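Below are the chains, spelled out letter by letter.
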Amino acid sequence: QDFRSLPGVEAVALAEDEFEIIAKLSGFIRTVTITMSLVLLLVAVGLIWNTIRTAMFARRREIEVMKLVGATNWFIRVPFMLEGLLQGLIGGALACGGLWGLNQAWSSGVAGFKPGTGISALVVPDGYLYGVMGLLLGVGMIAGAIGSAIAASRFLDV
């Protein structure tokens, strides 16, 4: 309040107000990111499920022959689950490449700011980045295997 009355002072901004705005923006971005991630995960499982169902339908004669000679449902299901796992691994690897590229662009953009501004604290450390990449690969493989298992179970009438 004392600084506002001084001559030549046009406006006074408190750091507390800026922190509140940044905190609200961060919370909104976090909520949107988590929501979109869950939606995209469900879409990925659906796409893998549909792909495996199509593959099973294309191989239905071979599956019928395998069942006629005594193959169990799991014996038939496991190769399709491995195929889904591989698809999830490839999708996760592509996502890791995109994440790495975005992180490199972000880090080089933030490096252009002055060191004392506090913006340099927004650089994502490599350890965290690699942890998220490992999580992406794991979730991709699990989503692929689960989508394949669901598709195979429905097709085999287990």
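Please read all numbers here as calculations on a predicted model, not as lab measurements. (Residues numbered from 1 in each chain as written. Predicted model: local features only at pLDDT ≥ 70, side-chain atom pairs only at ≥ 80, totals over all residues. Heavy atoms only, no water.)

(A) Spotlight on the overall build of the protein chain. When you go through the protein chain residue by residue, the secondary structure sums to 4 helices and 0 strands. Counted from the first residue to the last, the protein chain has its helices and strands arranged as α-α-α-α. Its C-alpha atoms give the protein chain a radius of gyration of 25 Å, more than 25% over the compact-globule value 15 Å for 158 residues. The long-range fraction of contacts in the protein chain, counting pairs at least 24 apart against all pairs at least 6 apart in sequence, stands at 78%. Within the structure as shown, the protein chain displays about 11,500 Å² of accessible surface, and the carbon and sulfur contribution to it stands at 71%. Of the side chains in the protein chain, 11 bear a positive and 11 a negative charge, and the two mean positions are spaced by 17 Å. (Helix = DSSP H or I, 4+ residues; strand = E, 2+ residues; numbered from the N terminus. Rg over C-alpha atoms; globule rule 2.2 N^0.38 Å. Contact = heavy atoms within 4.5 Å. Areas by Shrake-Rupley, 256 points an atom, 1.4 Å probe, with all protein chains shown as cover. Lys, Arg positive; Asp, Glu negative; His and termini not counted. Charge placed at Lys NZ, Arg CZ, Asp CG, Glu CD.)

(B) The pattern of salt bridges, seen in detail. Tallied over the full model, the rule gives 1 salt bridge. Put simply, Glu 83 and Arg 59 hold a salt bridge, and the shortest N to O gap is 3.5 Å. Taken together, the positions of Glu 83 in helix H3 (residues 73-110) and Arg 59 in the loop between helix H1 (15-58) and helix H2 (60-68) put the pair 24 residues apart, joining distant regions of the chain. (Salt bridge = Lys/Arg side-chain N within 4 Å of Asp/Glu carboxyl O.)

(C) Highlighting the packing of H3 against helix H4 (residues 126-156). The interhelical angle for the contact between H3 and H4, taken along N-to-C directions, is 150°, at an axis separation of 6 Å. The angle between H3 and H4 falls in the class roughly antiparallel. Seen along the crossing, H3 lies across H4 with a hand that is right-handed. (Axes fitted to C-alpha atoms, helices over the stretch in contact; angles between N-to-C directions. Parallel < 35°, antiparallel > 145°, perpendicular 65-115°, else oblique. Left-handed = near helix turned anticlockwise from the far one by under 90°.)

(D) Highlighting the side chain of Ser 148. Position of Ser 148 relative to the elements: it lies in helix H4. At a separation of 3.3 Å, a polar atom in the side chain of Ser 148 contacts the main-chain carbonyl oxygen of Phe 80. Those residues in contact with Ser 148 that lie beyond four places of it in its chain are Ile 48, Ile 52, Phe 80, Met 81 and Gly 84. (Polar contact = N/O pair within 3.5 Å; in protein donor to acceptor, adjacent residues only side chain to side chain.)

(E) Representation of the environment of Thr 51 in the model. Note on placement: Thr 51 falls in helix H1. The spacing of Thr 51 and Phe 80 is 29 residues in sequence and 10 Å in space, taken between C-alpha atoms. At a separation of 2.8 Å, a polar atom in the side chain of Thr 51 contacts the main-chain carbonyl oxygen of Leu 47.

(F) Looking closely at the nonpolar core. Counting 11 residues, the largest nonpolar core is built from Ile 48, Ile 52, Ala 55, Met 56, Ile 63, Ala 71, Ile 76, Phe 80, Ala 151, Ala 152 and Leu 156. Among the secondary structure elements, those contributing two or more residues to this core are H1, H3 and H4. With 4 residues, H1 is the single largest residue contributor to this core. Beyond its immediate sequence surroundings of up to four residues, Ile 48 is in contact with Gly 84, Gln 87, Ala 143, Gly 144, Gly 147 and Ser 148. (Core = buried A, V, L, I, M, F, W, Y, C linked by side-chain atoms within 4.5 Å. Buried < 20%, exposed > 50% of the residue type's maximum accessible area, 1.4 Å probe, protein only.)

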